[in-house]
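# Chains, contacts and geometry: an overview
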Amino acid sequence: MAKQREALVTNIFTADPSAHVFDDKIYIYPSHDLPHDGGDDDEGVEYAMEDYHILSMDNTDDATPCIDNGEALHMKDVPWVSKQMWAPDVALKDGKYYLYFPARDKQGIFRLGVAVSDSPVGPFKAEDCFIPGSRSIDPAVFKDDDGKYYCYNGGLWGGQLEKWMTGSFVENPDEIPADAAALGPLVAELNEDMKTFKAFPKMITILDENGEPIKAGDEDRRYFEGPWMHKYNGLYYLSYSTGTTHFLVYATGTSPEGPFTYRGRLMEPVIGWTTHHSIIEYHGKWYLFYHDCEISKGINHRRNVKFTEIFYNEDGTIKTVFPYDHK
Ligand code: FUB
């Protein structure tokens with residue numbers, strides 16, 4: 001039976017968990033869902049988050065509580081933000097913790113910001129401006145074995161990735177034909193300062209089993225949002241959400257910047273529209289952190305963070321998680 005933990009905290013709603021291990025302890029960087037009675041739309045208006053709380057756990061035992069360490073950064077302290085502090089991630093370099101987060105700027109355009117702390121749980125001090133060249137949502141920062149840091153990000157629909165197809169922002173872009181190559185996540189290597197990109201982020205290609213780019217109409221496999229990068233046995237695993245079909249899937253490659261080849265399904269749909277995850281190794285086991293709307297009975301913006309153990313097959317594929325099979 002896989003090690004599985006139900007809603008890790010219930011004093012607040014949390015989503016989009018980016019998990020990391022620092023000093024043998026697990027830290028989770030989630031979105032903080034705010035309950036409200038407003039409506040939903042395809043632009044994600046229901047996700048009206050304003051701050052971040054960092055969660056931590058001393059280990060994965062059922063008896064060990066998951067701690068909410070309180071407010072780590074609030075929108076009011078980030079000069080360039082107008083609203084919607086969505087899914088964050090963090091990176092540690094030289095004793096400093098860098099929190100990466102998406103939010104709408106004063107023009108309503110999603111950008112990525114960075115905030116710095118000496119502690120993994122904050123408080124974080126935000127930079128005055130967003131990262132130059134950043135666009136869209138869902139940053140995930142990966143440190144490679146050679147010490148380089150890569151920022152992956154991007155999301156369709158409310159995440160605005162389609163609006164950047166030409167390289168600049170277009171409010172009403174043409175629809176991508178179903179038989180055209182799908183958009184992929186963006187990737188950029190971070191500079192030494194961890195606050196700027198080495199180059200304008202470029203789009204990653206995800207290929208099918210024949211070496212052809214996955215098509216925009218292939219909604220079971222094409223990239224939608226929520227990228228995560230991890231390395232297993234020397235291979236790079238790019239995992240992501242398929243959005244409209246609600247799967248977590250993954251593709252592998254031999255370079256952190258791709259291309260990647262689709263390999264399979266990581267997790268079947270959870271209760272709720274969104275699905276967003278991270279993967280860590282802890283004490284020799286691998287864990288998938290994710291969220292669902294089980295407690296709120298399907299209210300899309302009242303989500304709870306959970307985790308489960310995952311297992312690899314000998315060929316490097318990952319056994320698919322069926323999130324409610326243990327019930
Ligand atoms: O939490 C807001 C958005 O919902 C995230 O940015 C997406 O990944 C989806 O989970």
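In what follows, the structure referred to is the one given above.
Attention here is on the structure that accompanies the text. (Residues numbered from 1 in each chain as written. Predicted model: local features only at pLDDT ≥ 70, side-chain atom pairs only at ≥ 80, totals over all residues. Heavy atoms only, no water.)

## A few points about the overall build of the chain
- Secondary structure assignment for the chain yields 0 helices and 22 strands.
- The C-alpha radius of gyration of the chain comes to 18 Å, within 12% of the 20 Å expected for a compact globule of 327 residues.
- The principal-axis extent of the C-alpha atoms belonging to the chain is close to 50 × 50 × 45 Å.
- Burial analysis of the chain (327 residues in total) assigns 59% to the buried set.
- Long-range pairs, those at least 24 residues apart, make up 54% of the contacts in the chain between residues at least 6 apart in sequence.
- Accessible area of the chain: about 13200 Å², with a carbon and sulfur share of 48%. (Helix = DSSP H or I, 4+ residues; strand = E, 2+ residues; numbered from the N terminus. Rg over C-alpha atoms; globule rule 2.2 N^0.38 Å. Buried < 20%, exposed > 50% of the residue type's maximum accessible area, 1.4 Å probe, protein only. Contact = heavy atoms within 4.5 Å. Areas by Shrake-Rupley, 256 points an atom, 1.4 Å probe, with all protein chains shown as cover.)

## Some points on the layout of surface pockets
- The calculated volume of the largest pocket comes to roughly 550 Å³.
- The wall of the largest pocket is formed by 23 residues, among which H20, V141, F142, K143 and M229 lie closest to the centre.
- Every element with two or more residues in the lining of the largest pocket is listed here: β2 (13–22), β7 (89–93), β11 (140–143), β16 (225–232) and β20 (277–282).
- Split by residue class, the lining of the largest pocket holds 15 nonpolar, 2 polar and 6 charged.
- Size it by volume and the second largest pocket reaches roughly 460 Å³.
- What lines the second largest pocket is a set of 18 residues, among which L156, W157, E162, E175 and I176 lie closest to the centre.
- Looking at side-chain class alone, the lining of the second largest pocket contains 9 nonpolar, 2 polar and 7 charged residues. (1 Å grid on protein atoms, 1.4 Å probe; cavity = no way out; pocket = protein on both sides within 12 Å on 5 of 7 lines; lining within 4 Å. Points joined across faces, edges and corners; volume = space filled by probe spheres on them. Nonpolar A, V, L, I, M, F, W, Y, C, P; charged D, E, K, R; others polar.)

## Re the packing of aromatic side chains
- Under the defined criterion, the tally for this structure stands at 21 aromatic pairs.
- On the numbers, 5.6 Å between centres and 80 degrees between planes, the contact of W80 with F130 is edge-to-face. Of the two residues, W80 is situated in the loop between β5 (67–74) and β6 (81–83) and F130 in the loop between β10 (125–126) and β11; the sequence distance between them amounts to 50 residues. Of the two residues, W80 and F130, neither departs from the other in class, the shared state being buried.
- By way of ring pairs, the aromatic residues Y232, Y237, Y250, W286 and Y312 are connected into one cluster.
- A cation over a ring is seen here: R221 above Y262, with NZ or CZ 5.3 Å from the ring centre.
- Taking NZ or CZ as reference, R265 lies 3.5 Å from the ring centre of F247, over its face. (Phe/Tyr/Trp six-rings, centres within 6.5 Å; stacked < 30°, edge-to-face > 60°. Lys NZ or Arg CZ within 6 Å of the ring centre and 35° of its normal.)

## A few points about the pattern of salt bridges
- Under the defined criterion, the tally for this structure stands at 21 salt bridges.
- Here D105 and R111 are joined by a salt bridge, their closest N and O atoms 3.4 Å apart. An identical accessibility class is assigned to D105 and R111; each is buried.
- The salt bridge involving K163 is made with E171; its shortest N-O contact spans 3.2 Å.
- E171 sits in the partly exposed class, given a relative accessible area of 48%.
- One salt-bridge network, in which partners are shared between bridges, spans E6, D292, E294 and K306. (Salt bridge = Lys/Arg side-chain N within 4 Å of Asp/Glu carboxyl O.)

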